[in-house]
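Okay, here's what each chain looks like letter by letter:
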Amino acid sequence: MADALRAYGWIVAMWVRSTMVYRASFAMLTVGQFVVTGFDFVAIFIMFVHTDSLGGFDLPEVAFLYATSGVAMGTADLLVGSIERLGRRIRDGSLDVMLIRPVPTFVQAAADDFALRRLGRITQSALVFGWAVVAVDVHWTWDRIALIPVMLVSGTVIFAAIFVLGAAFQFAATDAAEVANAFTYGGNFLTQYPPTIFAKDLLRAATFGIPLAFVNWLPALHILGHPDPLGLPKAFQFASPLAAAVLALVAALAWRAGLRSYRSTGS
């Protein structure tokens, strides 16, 4: 594990150095990501010009959901998002090159083309998060405060695991990046909004299927003091680390199975 992390750091450092050669380009791309992702929150803000609440959540509470989902998704995308290009590598045969290098294939695929510009998305979400924490009407007890970093880390692991599951699926489907995007970027969009505006069947699928509800919905219900629309036991609101660990294990097994089944491009 230590060797894998060290190798990941070396690859990332190489890409960061190459990025910094063109500092103006890096700055423009980062600001571009900041602005483009900021439009999502502008849309939410415009909605609240015409209403005082959305599914029982006011603007600072929705901003809290938006920001926690955005930080988790942005961090996962920064750390392992490049792995979604696996289908392209399978098609052009470049995955074979990774297999013969003395570095774990997963590390190479995750760190390859490390895009530091994705910090723009994280920064934008972090700024909204800072405002939401100050503006939200919450009595900040120790358990609510402690739950915030747990939620952010668990949400990052959940999104990262979904990225890996999508990549593992591409060993069988060759190119299914768009399928994975429905659960990564689509999951990010879903969890930006209150769970109370969605049908209960969708909430159950996001809790017991792909556990997107553990990214921020369930812990945020405790932090913000809202009732659970599904009426689940209170323990579910503290179970994000468990959900993240289980999904990460499933993703690791799926990746290992996909890599073992790989038989090259045949070209």
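Here the residue numbering is sequential within each chain, running from 1 through the sequence in written order. Local features in a predicted model are, by the rule used here, given only for residues with pLDDT of at least 70; side-chain atom pairs are given and counted only at 80 or more, and totals for whole chains, interfaces and linings are based on all residues. With hydrogens and water set aside, each side-chain value is computed from the structure's full complement of heavy atoms.

The name given to the chain in an unreviewed UniProt entry is ABC-2 type transport system permease protein, with the source organism recorded as Actinopolymorpha rutila.

A. Highlighting the packing of aromatic side chains. Between rings of Phe, Tyr and Trp, where Trp is taken as its six-membered ring, a pair exists when centres lie within 6.5 Å; planes separated by under 30 degrees are stacked, by over 60 edge-to-face, and by other angles tilted. Within this structure, the stated rule accounts for ten aromatic pairs. Both rings, one in Phe 64 and one in Phe 129, keep their centres 5.9 Å apart while their planes meet at 35°; by these two values the pair is tilted. Of the two residues, Phe 64 sits in helix H3 (residues 59-80) while Phe 129 sits in helix H7 (residues 119-135), which places them 65 residues apart along the sequence. Assigned by exposure class, Phe 64 and Phe 129 land together as buried. Ring centres of Phe 163 and Tyr 185 lie 6.2 Å apart, and the angle between their planes is 85°; this geometry places the pair in the edge-to-face category. Of this pair, Phe 163 sits in helix H8 (residues 142-173) while Tyr 185 sits in helix H9 (residues 177-190), placing them 22 residues apart in sequence. Ring pairing ties together the aromatic residues Phe 106, Phe 171, Trp 255 and Tyr 262, which thus form one cluster. Numbering of helices and strands runs from the N terminus; a helix is a DSSP stretch of H or I covering at least four residues, while a strand is a stretch of E covering at least two. Think of it in three bands: with a 1.4 Å probe and only protein chains considered, a residue is buried below 20% of the maximum accessible area for its type, exposed above 50%, and partly exposed in between.

B. Focus on the UniProt feature "transmembrane region" (unreviewed entry) in the chain. UniProt positions are given in the numbering used here, feature names are shortened, and annotations may be inferred rather than shown by experiment. As annotated by UniProt and renumbered to match this structure, "transmembrane region" (unreviewed entry) occupies residues 21-50, 62-81, 126-142, 148-169, 202-224 and 236-255. Along residues 126-142 one finds 65% helix and 0% strand; the C-alpha atoms at either end are 21 Å apart. In residues 202-224, the share of helix is 65% and the share of strand is 0%. The end C-alpha atoms are 21 Å apart.

C. Summary view of the nonpolar core. Counting residues in hydrophobic clusters, the biggest one holds 76 residues, and the most contacted among them are Ile 44, Phe 64, Phe 159, Leu 224 and Trp 255. Not counting residues within four places of it along the chain, the set of residues in contact with Leu 224 comprises Phe 57, Glu 61, Phe 64, Val 136 and Val 138. We define a nonpolar core as any set of buried Ala, Val, Leu, Ile, Met, Phe, Trp, Tyr and Cys residues linked to one another through side-chain atoms lying within 4.5 Å. Here, two residues are considered to be in contact whenever any of their heavy atoms come within 4.5 Å of each other.

D. Inspection of the environment of Val 150 at higher detail. Here Val 150 shows up in helix H8. The exposure class of Val 150 is partly exposed, given its relative accessible area of 32%. Along the backbone, Val 150 and Phe 238 are 88 residues apart, and their C-alpha atoms lie at a distance of 8.9 Å.

E. Quick peek at the packing of H3 against helix H11 (residues 217-224). The angle between two axes is taken between their N-to-C directions and runs from 0 to 180 degrees, where each axis is a line fitted to C-alpha atoms and a helix contributes only its stretch in contact. Between H3 and H11, the least distance of the axes is 11 Å, while the angle of their chain directions is 145°. In the packing of H3 onto H11, the handedness of the crossing is right-handed. Residue-level inspection shows Glu 61, Phe 64 and Leu 65 of H3 in contact with H11, the latter providing Trp 217, Ala 220, Ile 223 and Leu 224. Residue composition of the contact of H3 with H11, by class: six nonpolar, no polar and one charged. Here is the rule for handedness: rotate from the far helix to the near one, and if that takes an anticlockwise turn smaller than a right angle the crossing is left-handed, while a clockwise turn gives right-handed. Residues are grouped as follows: nonpolar covers Ala, Val, Leu, Ile, Met, Phe, Trp, Tyr, Cys and Pro; charged covers Asp, Glu, Lys and Arg; every other residue, Gly included, is treated as polar.

F. Region of the structure containing the pattern of salt bridges. Should a side-chain nitrogen of Lys or Arg be within 4 Å of a carboxyl oxygen of Asp or Glu, the pair is scored as a salt bridge. Here the structure, examined in full by the defined rule, presents four salt bridges. Across the pair Asp 113 and Arg 85 runs a salt bridge whose closest N-O atoms are separated by 3.6 Å. Here Asp 113, found in the loop between helix H6 (105-111) and H7, pairs with Arg 85, found in the loop between H3 and helix H4 (86-92); they are 28 residues apart in sequence, far enough to count as distant. Here Arg 85 falls in the partly exposed class, since its relative accessible area comes to 22%.

G. Molecular detail of a nonpolar patch on the surface. Side chains of Val 31, Phe 34, Val 35, Val 36, Phe 39, Val 42, Ile 46 and Leu 127 sit close together on the surface and give an oily, nonpolar patch of about 720 Å² of accessible area. The element that contributes the greatest number of residues to the nonpolar patch is helix H2 (residues 23-50), accounting for seven residues. As for its position among the elements, Val 36 is in helix H2. According to the relative accessible area criterion, Val 36 is exposed, its value standing at 53%. A patch is a set of surface residues, each over 30% in relative accessible area and not in a salt bridge, joined within 9 Å for like charges and within 5 Å for the nonpolar side chains Val, Leu, Ile, Met, Phe, Trp and Tyr. Every accessible area reported is derived by Shrake-Rupley at a probe size of 1.4 Å, with residue values counting cover from the shown protein chains alone.

H. Looking closely at the side chain of Ser 240. Topologically, Ser 240 is positioned in helix H12 (residues 240-261). Since its relative accessible area comes to 2%, Ser 240 is described here as buried. A polar contact is formed between the side chain of Ser 240 and the backbone oxygen of Phe 214, at a distance of 2.7 Å. Beyond its immediate sequence surroundings of up to four residues, Ser 240 is in contact with Ser 154, Phe 214 and Pro 219. In the analysis that follows, any N or O atom pair within 3.5 Å is treated as a polar contact, provided that within protein one partner can donate a hydrogen and the other can accept it, and provided that, for residues neighboring in sequence, both atoms belong to side chains.

I. Quick peek at the side chain of Gln 237. Mapped onto the elements of the fold, Gln 237 is located in the loop between H11 and H12. For Gln 237, a relative accessible area of 4% translates into the label buried. Among all residues touching Gln 237, those that are not within four sequence positions of it are Leu 147, Leu 218, Pro 219, Leu 221, His 222 and Asp 228.

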